[in-house]
Amino acid sequence: MKHYLQFKDFTADEYAYLFERAALIKKKFKSYEKHHPLVDRTLAMIFEKASTRTRVSFEAGMYQLGGSVVHLTTGDSQLGRAEPIEDSAKVISRMVDLVMIRTFEQTKIEKFAAHSRVPVINGLTNEFHPCQILADIFTFIEHRGSIQGKTVAWVGDGNNMANTWLQAAELLGFKVHVSTPQGYEVDEKLAVGAGGASAGSYQFFSDPREACQGADLVTTDVWTSMGYEAENEARRLAFADWCVDQEMMAAAKPDALFMHCLPAHRGEEVEADVIDGPQSVVWDEAENRMHVQKALMEYLLLGKLA
Ligand code: CP
Ligand code: NVA
């Protein structure tokens, strides 16, 4: 049994399969072809933080695969009344076939997985957001082909998305140019481990414009992630120069793409003319969450299919 708790949980070969499978599943969806490999299977979705895309993509995706879903939040379950994670994991995983969790600390999802009888998927933690990067790379491939050897510029917070990009770069052979304000750096140890990454998979820049130079993809995220709202004002000041604008896009390659996992704040981490401009692929990126996660759920439950 496999869990998907961070990007490095899968090999490059498994990603190659998933991207191919997601393309096939997307094609079937677009042509209204029924694809029901998960009939009688149930996904439990546990949300301890808000969501639009993750909920809709997993829920719609599971129904489209012929399965069903159970939706739980901290507020309407015993999770919010301090039932131990181990107990929740043991109980929930006796009744469903797959669990998706969006929560705070990575240690929480790891503890759940350790006591679960069924595969567990990370739907975002403070530290990682692997399903989003899965969708982002699939989107890049759709528009530009293989991401191997390419350069991704990360402009903004050293958060769950940034950590996951670092893991993906090391695994899939591309480079990340990271620019964060001082005090909001990526935790390298957390992202790629104590030993560091393989040669050249990431590089830090104090100037976000320099980070964008020659990039094939420019990407950013909110200044304040869920759970860090108390730091809102301090972050507003610190991040003022980390707003992706036309000047940054002009420093990147002429055919560079722009991505944002959404929700976005126009005029903060990105200017409206960038996110709503011709280089932006944010709507494809959001839609692709569903297609890649359908491939992921199918893989976790049925393995590789011919
Ligand atoms: N990108 C993403 O995970 O969006 P939601 O918070 O709406 O799920
Ligand atoms: N980094 C953001 C991503 C939201 C999808 C957060 O954790 O809130």
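Right, let's walk through the structure included here. (Residues numbered from 1 in each chain as written. Chains lettered and ligands numbered in written order. Predicted model: local features only at pLDDT ≥ 70, side-chain atom pairs only at ≥ 80, totals over all residues. Heavy atoms only, no water.)

So, the side chain of Gln132
Keep this limit in mind: Segments assigned H or I by DSSP are reported as helices when at least four residues long, segments assigned E as strands when at least two residues long, and all are numbered from the N terminus. The criterion used for residue contact is that any of the two residues' heavy atoms lie within 4.5 Å.
Within the secondary structure, Gln132 is located in helix 5 (residues 130–144). Ignoring anything within four residues of it in the chain, the contact list for Gln132 reads Met161, Cys261, Glu285 and Arg289.

Details of the site of ligand 2
Let me state the cut-off plainly: Neighbouring residues are identified by heavy atoms, a residue being near a molecule or strand if any of them is within 4 Å of it. Pairs of N or O atoms within 3.5 Å make up the polar contacts considered here, provided that, within protein, one atom can donate a hydrogen while the other can accept it, and that residues adjacent in sequence are counted only when both atoms are side-chain atoms. For this classification, the nonpolar set comprises Ala, Val, Leu, Ile, Met, Phe, Trp, Tyr, Cys and Pro, the charged set comprises Asp, Glu, Lys and Arg, and every other residue, Gly included, is treated as polar.
Around ligand 2, the structure places Leu124, Asn159, Asn160, Asp221, Val222, Ser225, Met226, Cys261 and Leu262. Take Asn159: an N or O atom from its side chain is 3.4 Å from a nitrogen atom of ligand 2. Broken down by class, the residue content of the shell around ligand 2 amounts to five nonpolar, three polar and one charged.

Here's the deal with the site of ligand 1
As a reminder, the rule being used: Residue-level accessible areas treat just the shown protein chains as cover; the underlying method is Shrake-Rupley with a 1.4 Å probe.
Ser51, Thr52, Arg53, Thr54, Arg102, His129, Gln132, Cys261, Leu262 and Arg289 make up every residue found near ligand 1. Its free accessible area being 260 Å², ligand 1 has 96% of it covered by the protein chains. When its residues are assigned to classes, the shell around ligand 1 shows two nonpolar, five polar and three charged.

With respect to the nonpolar core
What counts here: Among buried residues, those of type Ala, Val, Leu, Ile, Met, Phe, Trp, Tyr and Cys that are joined through side-chain atoms within 4.5 Å constitute a nonpolar core. Type-normalised accessible area, obtained with a 1.4 Å probe on protein chains alone, sets the label of each residue: buried when under 20%, exposed when over 50%, and partly exposed for intermediate values.
Ranked by size, the top nonpolar core spans 56 residues in total, and within it Tyr4, Ile121, Ile137, Trp165 and Phe174 carry the most contacts. Judged by nonpolar contacts, the second largest core, of 20 residues, contains Trp242, Val244, Val270 and Val274.

Describing the sheet that holds strand 5 (residues 151–155)
The criterion, for reference: Pairing between two strands requires that DSSP report at least two bridges joining them. Axis lines are fitted through C-alpha atoms, for helices just across the contact stretch, and the angle between N-to-C directions can take any value from 0 to 180 degrees.
Reading across from one edge, 7-6-5-8-9 is the order of the five strands in this open sheet, with parallel pairing throughout. Both edges of this open sheet fall to strand 7 (202–204) and strand 9 (257–260), since each of them pairs with a single strand only. Averaged over all pairs of adjacent strands, the angle between strand axes in this sheet comes to 20°, irrespective of strand direction. Relative to the sheet, helix 5 contacts strand 8 (217–220) and strand 9, its axis offset from that of strand 9 by approximately 160°.

Here's the deal with the pattern of salt bridges
The test is simple: Between Lys or Arg on one side and Asp or Glu on the other, a salt bridge is scored when a side-chain nitrogen of the former is within 4 Å of a carboxyl oxygen of the latter.
Tallied over the entire structure, the rule returns 17 salt bridges. With a shortest N-O distance of 3.3 Å, Glu33 and Lys28 are connected by a salt bridge. Look at Lys28 and you get buried, because its relative accessible area is 18%. Linking Arg209 and Asp245 is a salt bridge whose minimum nitrogen-to-oxygen distance equals 3.1 Å.

Observations regarding the environment of Ser201
In this structure, Ser201 sits in the loop between helix 7 (188–192) and strand 7. C-alpha separation for the pair Ser201 and Ala12, spaced 189 residues apart in sequence, amounts to 15 Å. With residues near it in sequence (within four places) discarded, Ser201 still touches Ala169, Glu170, Phe174, Lys175 and Val176.

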